[in-house]
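# Fold and geometry: a report
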Amino acid sequence: MPRDPQDVRFVIGPLLVGVGVLYWLILLASLAMVALIIIAPAWNALQHAHRQANNLQATLRLANEKIALERRFLAMADTNPLLMQRLADRQLDLINPRQQVLPLNGRPRPRDVQSLVDEALVPVTPKPVASVPWWAAITLAPFIRVPLMGLAMVGFALVFLLEIRRVKVRRG
């Protein structure tokens, strides 16, 4: 049996503008506010933990690279006495009379072994982590959280009152 389109509009019309739709909209908005207030700090802490983990991984990569470089240097130092002599001359700031020194302009560079190692290292940058979206970040401020929670509680109270109005009491 075919239905008349007019009948469908008659049924959907009151639902769209009735108290039930308003009830559900207010209830869902209040629940979303409370969920955001609860989840936003944990989300922010998780992003901070990801950032810190990436920084620690970058530091570990740099330390491993430095260890590998120093192991290579130690292997070369054991087999090459000329390298050890030049290193000692560099640290003690001695000039070998058999070598010619080329004067360079600019400020003097450090002459210790650590500066040589630091020059040979490749810089490592941690992976960037996306921050919390702005709409979640604003709920982290206490002066926003308290009024937002109050607004959600008012929404819950309003939904409760709307639901009481919708329920018909049967007396018998």
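If you're wondering where the values come from, they're calculated on a predicted model, not measured in any experiment. (Residues numbered from 1 in each chain as written. Predicted model: local features only at pLDDT ≥ 70, side-chain atom pairs only at ≥ 80, totals over all residues. Heavy atoms only, no water.)

Moving on to the overall build of the chain. Along the chain, the regular secondary structure elements total 6 helices and 0 strands. When the elements of the chain are put in sequence order from the N terminus, they spell out α-α-α-α-α-α. Every one of the 172 residues in the chain was classed for burial, and the buried ones make up 17%. Within the chain, counting contacts between residues at least 6 apart in sequence, those at least 24 apart form 80% of the total. In the form shown here, the chain has an accessible surface area of approximately 14,200 Å², with 67% of it arising from carbon and sulfur atoms. (Helix = DSSP H or I, 4+ residues; strand = E, 2+ residues; numbered from the N terminus. Buried < 20%, exposed > 50% of the residue type's maximum accessible area, 1.4 Å probe, protein only. Contact = heavy atoms within 4.5 Å. Areas by Shrake-Rupley, 256 points an atom, 1.4 Å probe, with all protein chains shown as cover.)

On the surface, Trp24, Leu28 and Leu31 cluster together into a nonpolar patch covering about 320 Å² of accessible area. By the element assignment, leucine 28 lies in helix H2 (residues 19–79). (Patch = residues over 30% accessible without salt bridge, like charges linked within 9 Å, V, L, I, M, F, W, Y side chains within 5 Å. Salt bridge = Lys/Arg side-chain N within 4 Å of Asp/Glu carboxyl O.)

Moving on, we get to the side chain of asparagine 54. With respect to the secondary-structure elements, asparagine 54 resides in helix H2. Within the local environment of asparagine 54, its side chain forms a polar contact with the backbone oxygen of lysine 127, the two atoms lying 3.0 Å apart. Discounting chain neighbours no more than four positions away, the residues touching asparagine 54 are Pro126, Lys127 and Val129. (Polar contact = N/O pair within 3.5 Å; in protein donor to acceptor, adjacent residues only side chain to side chain.)

A few words now on the packing of aromatic side chains. Counted according to the given criterion, the structure contains 2 aromatic pairs. An angle of 80° between the planes, with centres 5.3 Å apart, marks the rings of tyrosine 23 and tryptophan 24 as edge-to-face. By relative accessible area, tyrosine 23 is classed as buried at 13%. (Phe/Tyr/Trp six-rings, centres within 6.5 Å; stacked < 30°, edge-to-face > 60°.)

With that settled, consider helix H3 (residues 81–92). Across its 12 residues, H3 extends 17 Å between first and last C-alpha, which sits within 8% of the 16 Å expected from 1.5 Å per residue. Here H3 starts with a cap whose side-chain oxygen sits 3.2 Å from the backbone nitrogen of leucine 82, and that cap is asparagine 80. Where H3 terminates, the next one or two residues include aspartate 93, which has phi positive at roughly 60°. (Expected span 1.5 Å × (residues − 1).)

What follows is about the environment of proline 128. If you trace the backbone, proline 128 turns up in the loop between helix H4 (113–120) and helix H5 (134–137). For proline 128 and asparagine 54, which are 74 residues apart along the polypeptide, the C-alpha to C-alpha distance reads 7.8 Å.

Our next topic: the confidence of the model for the chain. Keep in mind that low pLDDT regions are not for reading the predicted coordinates in detail. Per-chain confidence: the chain averages 80 in pLDDT, with 80% of residues scoring 70 or above. Within the chain, no element has a lower average pLDDT than helix H1 (residues 5–17), which sits at 56, and none a higher one than H5, at 90. (pLDDT = per-residue confidence, 0-100.)

So, on to the side chain of glutamine 47. Mapped onto the fold, glutamine 47 is located in helix H2. Once you skip the residues sitting within four places of it in the chain, glutamine 47 turns out to touch Val129, Ala130, Ser131 and Val132.

Structurally, the position occupied by leucine 27 is in helix H2. By relative accessible area, leucine 27 is classed as buried at 15%. Setting aside residues no more than four positions away along its own chain, leucine 27 makes contact with Phe156 and Val159.

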